[in-house]
Amino acid sequence: MLFIACKTENKKAITFRDDVTFLASDSLEGRETGTENEIKAAEYLMNRMKSLGLNPKGDAETFYQKYSFKPKKDPHGEVQYSTGDSTITGTNVIGFLDNKADKTIIIGAHYDHLGMGGEGSLYREGKAIHNGADDNASGVAMLLKLADTLKNINTNNNYLFIAFSGEEMGLLGSNYFVKNPTVDLSKVNYMVNMDMVGRLRPDNTLSISGTGTAPVWNQVLNTANKDFKLVLQESGVGPSDHTSFYLQDIPVLHFFTGQHEDYHKPTDDTEKLNYDGMKKITDFIFNVISDLDVTKKLDFRKTKN
């Protein structure tokens, strides 16, 4: 991609703002699952993962894991993964940092959004581009930063970085991945999910869900915390991709900076993000991972949902 080439040529580090600006640009028209614009976003993420030295861990030695499904006719029904007429194809983008370890940490964030609106949008004035800067270009930018930071450090785990498709349509990409994993799920240590992490408020409130899914979480989070007013929630089930992994008996943490007036509206734009806050959260997640690097595989615990 030209964007990456220019940055590489100038030898400038790609910033949170750079990644968010591309993913939340009008040119991608909201990154709706199954559209050409989602494919453009997937291509950008593939090239970013390549530039960070990650190995492809999708299908057939590529960075892509594609899945096809038929749209739901019944809003309460389950999506059927299938091929053929009237299907939509989503694309997970997956990179692997292989430390030859016996445990793997999965770090995930969805990159799809609502396109021009439609189902899920809270905008009532017709079609408009839903750029989804906070939801969830912010989480993807943090995922890429963690991939860069974790190279050659904390090597007692491997790291699988997944940019999920289809989250807005019902956690489709993460659900497909856990049913068709490209790594051995029995060796997954835990999963970290980041969704809407770009609007840290002045009081530094940070919500973390899934704290009941492993006995160690509360202690580790409170020990690593230096900056935040933590709101800890035990349940491993919630409206984001960590749920798919919790349902496979994998400990999870889900990071979230809170709801706001631009949620699922065209006004969720790049300039409204707190980039210093994103750095603080990324550093916090890195410290949590570092504190657990020498420990044994975490014990899983079911929670009240």
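Here, every reference points to the structure presented above.
Values in this document were obtained by computation on a predicted structure and should not be read as measured data.

Examining the packing of helix 4 (residues 133–149) against helix 8 (residues 275–291)
Inference 1: Relative to each other, helix 4 and helix 8 sit at 50°, their axes nearing to 10 Å. By the angle class used here, helix 4 and helix 8 are oblique. For the crossing formed where helix 4 meets helix 8, the hand is right-handed. Together, Ser138, Ala141, Met142, Lys145, Leu146 and Thr149 of helix 4 and Met278, Ile281, Thr282, Ile285 and Phe286 of helix 8 make up the contact between the two elements.

With respect to the pattern of salt bridges
Inference 1: Per the stated rule, a full pass over the model turns up nine salt bridges.
Inference 2: Between Lys272 and Asp262 there is a salt bridge, with its nearest N and O atoms 3.3 Å apart. In this pair, Lys272 sits in the loop between strand 10 (252–256) and helix 8 while Asp262 sits in the loop between strand 10 and helix 8, placing the two residues ten residues apart along the sequence.
Inference 3: On the basis of relative accessibility, which here comes to 5%, the residue Asp262 falls in the buried class.

Overview of the pairing of strand 10
Inference 1: With four of five residues buried, strand 10 lies mostly within the body of the structure.
Inference 2: Relative to strand 10, strand 8 (residues 205–209) runs antiparallel, the two sharing three bridges. Note that in strand 10 the partner of Ile208 across the bridge is Phe255.

Section: the environment of Met116
Inference 1: Within the secondary structure layout, Met116 lies in the loop between strand 5 (104–110) and helix 4.
Inference 2: Remark: the alpha-carbon pair of Met116 and Ile129, spanning 13 residues in sequence, is separated by 4.5 Å.
Inference 3: Not counting chain neighbours up to four residues away, the residues in contact with Met116 comprise Glu29, Lys127, Ala128, Ile129 and His130.

So, the pairing of strand 9 (residues 229–233)
Inference 1: Across five bridges, strand 8 lies against strand 9 in parallel orientation. When the bridges of strand 9 are listed, Thr205 appears paired with Lys229.
Inference 2: Crossover connection from strand 8 via helix 6 (residues 217–224) to parallel strand 9: handedness right-handed.

Structural notes on unusual backbone geometry
Inference 1: The peptide bond linking Asp135 to Asn136 adopts the cis configuration, its omega dihedral lying at 5°.
Inference 2: By secondary structure assignment, the location of Asn136 is in helix 4.
Inference 3: Positive phi, normally seen in glycine, also occurs at Met196, with a value near 60°.
Inference 4: Unlike most non-glycine residues, Asn204 shows phi in positive territory, near 60°.
Inference 5: Looking at the secondary structure, you find Asn204 in the loop between strand 7 (188–194) and strand 8.

What counts, and at which threshold
- Residues numbered from 1 in each chain as written.
- Predicted model: local features only at pLDDT ≥ 70, side-chain atom pairs only at ≥ 80, totals over all residues.
- Heavy atoms only, no water.
- Axes fitted to C-alpha atoms, helices over the stretch in contact; angles between N-to-C directions.
- Helix = DSSP H or I, 4+ residues; strand = E, 2+ residues; numbered from the N terminus.
- Parallel < 35°, antiparallel > 145°, perpendicular 65-115°, else oblique.
- Left-handed = near helix turned anticlockwise from the far one by under 90°.
- Contact = heavy atoms within 4.5 Å.
- Salt bridge = Lys/Arg side-chain N within 4 Å of Asp/Glu carboxyl O.
- Buried < 20%, exposed > 50% of the residue type's maximum accessible area, 1.4 Å probe, protein only.
- Pairing = 2+ DSSP bridges.
- Right-handed = clockwise from strand over helix to strand, strands pointing away.

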